[in-house]
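Analysis of the macromolecular model
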Amino acid sequence: MNIGQAAAAAGVSPKMIRHYELIGLLPEADRNESGYRLYSEREVSVLRFIGRSRHLGFSIPQIAELIGLWSDSARSSREVKTVAEHHLASLDEKRREIEQMMAGLSELVQACPGDDHPHCAILDTLSQHSLDKHQPRHRPKLKKGNAKDSEQAATGSGHIDLMAWMRGVHVHHGAH
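For clarity, every value in this text was computed on a predicted model and none was experimentally measured.

With respect to the helices and strands, Leu-108 occurs in helix H5 (residues 77-111). Each C-alpha atom of the pair Leu-108 and Asp-124 lies 9.5 Å from the other, and the pair is 16 residues apart in sequence. The residues touching Leu-108, leaving out its near neighbours within four places in the chain, are Ala-121, Ile-122 and Thr-125.

So, in C-alpha cells, the structure goes:
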C-alpha cells in the first residue's frame, strides 16, 4: 500500500504516519523504485494500535512502551496493566483539575451580569492584585504558530481538543 492507502486503512493521516516514522514509533517504510513509501498490513495494524492508544489518551512514550510489550511474547499482562493503571491515574488527576477549573469558572460566569455595562466579575477576578493603571491598552493580535492556532489545527475549529490538551500536559510533566 502507498501512504494514502495505509492512512485510509488505519484511520490516520499521511502526515501522522510520517510523524510516527520520524519519532521512531513506526519503522521507516520500505520504498519502491520511485521513492514512494510502501506499507504492509503489519504497519497498518501498528498504525491502528497507535490510533486506538491515542484515542485513549496514551502519550507517545506510553504507546512506544505498549508496542514494545505487544511485540514481546514473553511479556506479562501485569506489565501492560501497570502502564494502563498509571495512565488511568494520570487521567483521574486531570479530571479533578478540570472539575476544579469548571467549578471556579462556573462561579465567575454566575457572578458576571453579562449585560451592556463594563463591570465584569470574570475580568475583576482575573486581574485581581493588578492596578487599573497597568491595564493593557491593546487587544493582542496572536501570530501564527501560537497555542490557539495549534488548537485550531488539531480540532479544525477554535475549540480545544481536550484529549490532545491532556496528552500535551501529560507529556510535558513527564508523568508515567
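The next point concerns the nonpolar core. Counting residues in hydrophobic clusters, the biggest one holds 22 residues, and the most contacted among them are Ile-17, Leu-26, Tyr-39, Leu-47, Ile-50 and Ile-67. When contributions to this core are tallied by element, the ones reaching two or more residues are helix H1 (3-10), helix H2 (14-22), helix H3 (41-55) and helix H4 (60-71). No other element matches the five residues that H3 contributes to this core. Look past the residues within four positions of Ile-17 in its chain and what remains in contact with it is Ile-3, Ala-6, Ala-7, Val-12, Leu-26, Tyr-39 and Leu-47.

So, on to the pattern of salt bridges. Side chains that carry opposite charge are capable of pairing whenever their charged atoms lie near each other. Counted under the stated rule, the structure contains six salt bridges. A salt bridge links Asp-92 to Arg-95; the shortest N-O distance between them is 2.3 Å. Of the two residues, Asp-92 and Arg-95 are both situated in helix H5; the distance of three residues between them amounts to about one turn of the helix. Overall, Asp-92 belongs to the partly exposed group, its relative accessible area being 29%. Note on Arg-95: relative accessible area 38%, which makes it partly exposed. Note that Asp-92 and Arg-96 form a salt bridge whose closest N and O atoms lie 2.4 Å from each other. Note that Asp-92 and Arg-96 are positioned in helix H5 at a spacing of four residues, about one turn of the helix. Members of the salt-bridge network, linked through shared partners, are Asp-92, Glu-93, Arg-95, Arg-96 and Glu-99.

We now examine the confidence of the model for the chain. Do not read the predicted coordinates in detail wherever pLDDT is low. With 82% of its residues at a pLDDT of 70 or more, the chain has an overall mean of 85. Contacts of residues 148-161 to residues separated by more than four positions or lying in other chains number 14 contacts, the stretch itself having pLDDT below 50. Note on residues 169-176: pLDDT under 50 across the span, and ten contacts to partners over four residues away in sequence or across chains.

Here the focus is the state of the cysteines. Taken as a whole, this structure holds zero disulfides when the rule is applied. In this structure Cys-112 is a free cysteine whose sulfur lies 3.2 Å from that of Cys-120, the closest cysteine sulfur available. Since its relative accessible area comes to 18%, Cys-112 is described here as buried.

Following the sequence through the fold, Ser-53 ends up in helix H3. Residue classification places Ser-53 among the buried residues on the basis of a relative accessible area of 6%. Setting aside anything within four residues of it in sequence, one finds Ser-53 in contact with Phe-58 and Ile-63.

Packing of H3 against H4 leaves a shortest axis separation of 10 Å and a crossing angle of 135°. With respect to H4, the axis of H3 lies oblique. Once H3 is placed against H4, the crossing between them reads as right-handed. Within the contact between the two elements, H3 uses Ser-45, Val-46, Phe-49, Ile-50, Ser-53 and Arg-54 and H4 uses Ile-60, Ile-63, Leu-66, Ile-67 and Trp-70. Its residues assigned to classes, the contact of H3 with H4 comprises eight nonpolar, two polar and one charged.

Here we come to H4. In a regular helix each residue adds 1.5 Å, so twelve residues correspond to 16 Å; H4 covers 16 Å between its end C-alpha atoms and thus fits that length. All buried positions along H4 are accounted for by Gln-62, Ile-63, Leu-66, Ile-67 and Leu-69. What you see down the axis of H4 is that its buried residues fit within an arc of 160°, all on one side. Exposed residues pointing more than 90 degrees away from the buried face of H4 are listed as Pro-61 and Ser-71.

What counts, and where the lines are drawn
Here the residue numbers are simple positions, counted from 1 along each chain's written sequence. Owing to the predicted nature of the model, reporting of local features is limited to residues with pLDDT of at least 70; listing and counting of side-chain atom pairs is limited to 80 or more, with chain, interface and lining totals taken over all residues. Side-chain numbers here rest on the full set of heavy atoms in the structure, without hydrogens or water. Only runs of H or I of at least four residues qualify as helices and only runs of E of at least two qualify as strands under DSSP, and these elements are numbered from the N terminus. We call two residues in contact when some of their heavy atoms are within 4.5 Å. Among buried residues, those of type Ala, Val, Leu, Ile, Met, Phe, Trp, Tyr and Cys that are joined through side-chain atoms within 4.5 Å constitute a nonpolar core. Here's how the labels work: a residue is buried when its accessible area is under 20% of the maximum for its type, exposed when over 50%, partly exposed in between, all with a 1.4 Å probe on protein chains only. Whenever Lys or Arg places a side-chain nitrogen within 4 Å of a carboxyl oxygen from Asp or Glu, that contact is recorded as a salt bridge. Within a predicted model, pLDDT stands for the predictor's per-residue confidence, ranging from 0 to 100. By disulfide we mean two sulfur atoms from cysteines, separated by a distance within 2.5 Å. With axes taken as lines fitted to C-alpha atoms, and helix axes fitted only over the stretch in contact, angles between N-to-C directions fall between 0 and 180 degrees. Any angle between 65 and 115 degrees counts as roughly perpendicular, while under 35 counts as roughly parallel, over 145 as roughly antiparallel, and the rest as oblique. Two helices that cross are described as forming a left-handed crossing if the nearer one is turned anticlockwise from the farther one by less than a right angle, and a right-handed crossing if clockwise. When residues are sorted by character, Ala, Val, Leu, Ile, Met, Phe, Trp, Tyr, Cys and Pro go into the nonpolar class, Asp, Glu, Lys and Arg into the charged class, and all the rest, Gly among them, into the polar class. The span one expects for a helix is its residue count, reduced by one, times 1.5 Å. This arc describes the spread of directions from the helix axis toward the C-beta atoms.

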